[in-house]
Amino acid sequence: MRRVDWRFLAFKPWPGKSITFTNGTLKQAVELISGSTVSPDSAVEGSCDLAVASNPDRNTLELMFSHLKPGGTSYIEWTVSPLVKADSFMQEIESLGFSDVALYLLKPDFKQSQPTMWIPFQNRGAVEYTLLGSYLDDVSVSPLRRIGAQLRILLYRIFPSAFINLPWLIVPHPKNFTVCTIASKPETRSLKKTAVPALRDLPNENVEAEYNLPGMIGSTLESLGQPVPSERTSMLMITRGNTENKKVGLLVFPDQSSEPSFIVKMPRVEKSLNSLKNEGSVLSSLGTEIKWIPRILFSFDEPGYFALGQTLVKGMRIAGKLDSNIFKDLASKMTGWLVELAQKTKTPARKEEAERKIEEAISIFTAYYGSVMTEDEMLRIRAIISRLDLDYTVCEHRDLGPWNILIDTGGTPGIIDWENSSLHGFPFMDLITFFTWAAIYLENADIASKYRVTYRNMLDGSTFAGNIFNECARQYSAELGISSDSIRALRLLNLLIQADQEFPQIKSRVENPLDDENSIENGCNIQLLREEMLSGSGA
């Protein structure tokens, strides 16, 4: 499904009928997302919603145009050399009658791996945004590549038009690379009903859906006081994530500004639909009461199609960039923010409800990890968690690691990706998740044995991270009225729930069934949980 992420840029993630002028994985992927597919030999003119091709000649382009319905979309992949000028593609496509032509550069290219960015390189704002920020957001970038990126920025400052005409300069490749074009066959109506398949992994039925997301984006730009383009709005698509069950994000660039106006999130498949709807629901409930979070601008929810527009949280991800100074300052700010979040969302709750959630988490954990946990260990887990004594719930992010925290140029945090959040969660859980992973990133503890050492040091008040954690934990528990026994129970419960969430990822990485139990035993959160059980009462 990753092979056809471009469908979200076309605003048609589930086309009714598609025609393909290509073979291989691209053709197979188009078949997965389409209600039906036809070959060029059997297609009826004007009957297709989507036409796809690779390196088409003039005759193929004419066939694509003739077989599309008015309002239908063409997607083309061109393999080009570094010196090819992008304008040549646009001129040829427009000469056939196509409109709203958009050109995209991939980062990385298909030849290297699945793209994580689709750059509309004819929009100077999007190009500048990519050059100035995106490479810094990748912790895997080597120092040599960073120097190369800085040189490209300098060159862009001097010759910006060169990057528009020669997209190879944006993301250099040693040989030929791919440029993608998306264009529409003009229609006379601005709003139409379109038959689209129901949202599912393998769509096979048609439903009627109002299909005007571009219009909603235009209305949102207008409400924000932003210019509304007369033609297609430029979108930079981000598709990070190694699994299928992820979202895609479209950064909206209506003009030449290097700052996107807002972001539109969409689920890649049905499995991620509910989590994205949950994000919209939670953020809408929090409204403007809570700082440092996205605000919901719109929710487009029709059969077969969901999109969530929200304000863009600015800043760079802190993952991989933590040092002792950043750690201390961020810990103080995040503790204060989490206290405020808890106090503003605190809701009375029955003890039976908390017990139900705990029992559910333990049951899942037992099913997943029963083969590597002894009966005595499970009894001890229950004994520790039984000390939890709370009569309220709070809003819980449930994935508050450094990967979901941004820092702007003024040092202000921003909290993103609320898909797993709950308005009625447990207090303190987000704090322990934040500190655990911030400490791991601070110490570059990237293997299971180091995880345990880092966690042990974090609980130890005599260490650098431990001193800060214990101070922040005391502040949080004092302001929320949580006993030391409950804090210990919450630490263990959090790791247990995190282990439950990690288990499917562990299983997906196991190739040899004989390695299954060993992989489970060495899972990150199961190791941290064992370390927690060995610790004393702690903070």
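Please refer to the structure placed before this passage.
Residues numbered from 1 in each chain as written. Predicted model: local features only at pLDDT ≥ 70, side-chain atom pairs only at ≥ 80, totals over all residues. Heavy atoms only, no water.

Caption draft 1: A look at the pairing of strand β4 (residues 68–80). Within β4, ten of the 13 residues are buried, which leaves the element mostly enclosed by the surrounding structure. Looking at chain direction, strand β3 (residues 48–54) and β4 are connected through six bridges and run parallel. Paired with S54 across the bridge in β4 is E77. Following the backbone out of β3, through helix α2 (residues 58–67) and into the adjacent parallel β4, one traces a crossover that is right-handed. (Buried < 20%, exposed > 50% of the residue type's maximum accessible area, 1.4 Å probe, protein only. Helix = DSSP H or I, 4+ residues; strand = E, 2+ residues; numbered from the N terminus. Pairing = 2+ DSSP bridges. Right-handed = clockwise from strand over helix to strand, strands pointing away.)

Caption draft 2: Spotlight on the environment of Y75. In this structure, Y75 sits in strand β4. Assessed through its relative accessible area of 1%, Y75 is described here as buried. Considered as a pair, Y75 and A183 are 108 residues apart in the sequence and their alpha carbons are 6.9 Å apart. Those residues within four positions of Y75 in sequence are excluded, and the remaining contacts are W6, L26, A51, V52, A53, M64, F110, W118, C180, T181 and I182. Of the polar contacts made by the side chain of Y75, one reaches the side chain of E77; its length is 2.6 Å. (Contact = heavy atoms within 4.5 Å. Polar contact = N/O pair within 3.5 Å; in protein donor to acceptor, adjacent residues only side chain to side chain.)

Caption draft 3: Inspection of helix α7 (residues 213–223) at higher detail. Looking at α7, one finds that the buried residues are L213, I217, G218, T220 and L221. Here the buried residues of α7 occupy an arc of 160° about the axis, which is enough to place them on one side. The exposed residues of α7 that point more than 90 degrees off its buried face are E222 and S223. Against the buried residues of α7 lie β10 (234–238), β11 (247–253), β12 (263–267), β13 (296–302) and β14 (305–310). Just downstream of α7 lies G225, where phi reads positive at about 75°. (Arc of directions from axis to C-beta.)

Caption draft 4: Summary view of the packing of helix α10 (residues 351–369) against helix α11 (residues 375–385). In the contact formed by α10 and α11, the axes pass within 12 Å of each other and the chain directions differ by 165°. By the angle class used here, α10 and α11 are roughly antiparallel. Crossing handedness for the pair α10 and α11: right-handed. Taking contact as the criterion, the partners of I358, E359, I362, F365 and T366 in α10 are, on α11, M378, I381, R382 and I385. Its residues assigned to classes, the contact of α10 with α11 shows six nonpolar, one polar and two charged. (Axes fitted to C-alpha atoms, helices over the stretch in contact; angles between N-to-C directions. Parallel < 35°, antiparallel > 145°, perpendicular 65-115°, else oblique. Left-handed = near helix turned anticlockwise from the far one by under 90°. Nonpolar A, V, L, I, M, F, W, Y, C, P; charged D, E, K, R; others polar.)

Caption draft 5: Spatial organisation of the nonpolar core. In this structure, W337, F365, Y369, I381, F428 and F435 are the most contacted members of the largest nonpolar core, which totals 79 residues. Not counting the four nearest positions on each side in its chain, I381 is found in contact with F365, M373, L492, L496, L529 and M533. Membership of the second largest hydrophobic core comes to 43 residues, among which are C48, L68, I119 and F163. (Core = buried A, V, L, I, M, F, W, Y, C linked by side-chain atoms within 4.5 Å.)

Caption draft 6: View of the sheet that holds strand β20 (residues 422–425). The strand order β16-β17-β20 describes an open sheet built from three strands, whose pairing is antiparallel. Where the open sheet ends on each side, the last strands, each with one partner, are β16 (347–348) and β20. The pairing of strand β17 (residues 392–396) with β20 spans two bridges and is classified as antiparallel. Within β20, the position partnered with E396 by the bridge is S422.

Caption draft 7: Main features of the environment of E521. Positionally, E521 belongs in helix α16 (residues 516–521). For E521, a relative accessible area of 25% gives the class partly exposed. Spatially, the C-alpha atoms of E521 and M373 are 8.7 Å apart, while their sequence positions differ by 148 residues. Apart from the residues within four sequence positions on either side, E521 is in contact with V372, I526, Q527 and R530. Here R530 takes part through its side chain, which lies 3.2 Å from a polar atom of the side chain of E521.

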